[in-house]
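# Structural features, examined
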Amino acid sequence: MIDVLIIGAGPAGLSAAIYVQRSGKKAVCLEALVVGGQIVNTPEIANYPGIKKTSGFEFSMGLYEQATELGAEIEYEKAVSIEKKEDFHVMTESGKEFIAKSVILATGAKNRHLGIDKEEALAGRGISYCATCDGAFYKGKDVAVNGGGNTALEDALFLSNYCSKVYIIHRRDEFRGEPDSLEAVKSKDNVELVLNSTIEEIKGDKALEGVVVKDKNTGALREIAVAGLFIAIGQVPDNKDFEDVAELDAAGYISASEECKTKTPGVFVAGDCRTKSVRQLTTAASDGAVAALAACAYISTL
């Protein structure tokens, strides 16, 4: 019998494991891929309070070591279902069953990718999915943002404070983002809108050198030299398997407040997989702590 079973071993899941163990309970994390989540692939982290600079790998390993030294365990299994009986029965893809008094969903959310050549190879070498994480590295350089929602507009505004030039590449001629944000973007002298255009090619071998965009109306191609490309076309949560115990919003995120509670007593949620406006390392760690303490409090009532 496990006290708290945590599905996911990214920053939120590992932070939850640390708080569970420090509360005198037993935590087990189920991780389908690699410990640390997406942040493992980030070359440099410079926005986490108290840590001036570190790599995503070092940060993740620090969380992992802290959690496991406290007694938390990691099982490399993909959870596929949760059934509430007297306790919670969690089945994995391999057929294993884990029984726990409480469950924390910390499945994260994957950044939506363009799906074109060189995108994966140049991730972290010019291609980024987080302007607030990596924007400062491109101070004084030309960059591009791909997207048309609030995130893309906010990224462009943020980057315009650091970069010489910011191109916003959007496949339509209208933006989905808020009008106030769009007006703020248009007021920036160093921001250029590249509308009705899609990215057809990524240039560069060892590092990003530019992108080739195609005008959807004319078919004309244009090469834009940039040192950074920030892809802001949305995220993809992976919560479908858990909709029986956690309510999902229209985009697939788990509906939950800052208390990290789901519709099912004993099931909590932490990190990027839940409904929230800010998805950063700091908020993932915060969610992990809140969900862990809530889970331990729930167990004490059993």
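Preceding block: the structure.
Before going into details, it helps to say that this report is about the structure given with it. Being a predicted model, the structure only gives us computed values, none of them experimental.

## What to know about the nonpolar core
Ile-6, Ile-82, Ile-104 and Leu-105 are the most contacted members of the largest nonpolar core, which totals 54 residues. Leave out the neighbours within four places in its chain, and Ile-82 touches Ile-7, Phe-88, His-89, Val-90, Val-103, Leu-105, Phe-242 and Val-245. Within the second largest apolar cluster, 17 residues are counted, among which are Tyr-138, Val-145, Val-166 and Phe-175.

## A look at the pairing of strand β14 (residues 221-225)
Alignment of strand β13 (residues 210-215) against β14, held across 5 bridges, turns out to be antiparallel. Its bridge partner lying in β14, Gly-210 is registered against Ala-225.

## Brief notes about helix α2 (residues 56-69)
Counted at 1.5 Å a residue, the expected span for α2 with its 14 residues is 20 Å, and the 20 Å between its end C-alpha atoms agrees. Listed in full, the buried residues belonging to α2 are Gly-56, Phe-59, Ser-60, Leu-63 and Ala-67. Projection of α2 onto a plane perpendicular to its axis shows the buried side chains occupying an angular sector of 95°, all on one side. Lining the buried residues of α2 we find α1 (11-22) and α6 (281-300). In the stretch just after α2, Gly-71 is the one whose phi turns positive, near 115°.

## Considering unusual backbone geometry
The phi dihedral of Lys-118 is positive, around 80°, even though this residue is not glycine. Turning to its location among the elements, Lys-118 is positioned in the loop between β7 (109-111) and β8 (127-128). Located in the positive-phi region is Cys-260, a residue other than glycine, with phi close to 65°. The exposure class of Cys-260 is buried, given its relative accessible area of 0%.

Conventions used here
- Residues numbered from 1 in each chain as written.
- Predicted model: local features only at pLDDT ≥ 70, side-chain atom pairs only at ≥ 80, totals over all residues.
- Heavy atoms only, no water.
- Core = buried A, V, L, I, M, F, W, Y, C linked by side-chain atoms within 4.5 Å.
- Buried < 20%, exposed > 50% of the residue type's maximum accessible area, 1.4 Å probe, protein only.
- Contact = heavy atoms within 4.5 Å.
- Pairing = 2+ DSSP bridges.
- Helix = DSSP H or I, 4+ residues; strand = E, 2+ residues; numbered from the N terminus.
- Expected span 1.5 Å × (residues − 1).
- Arc of directions from axis to C-beta.

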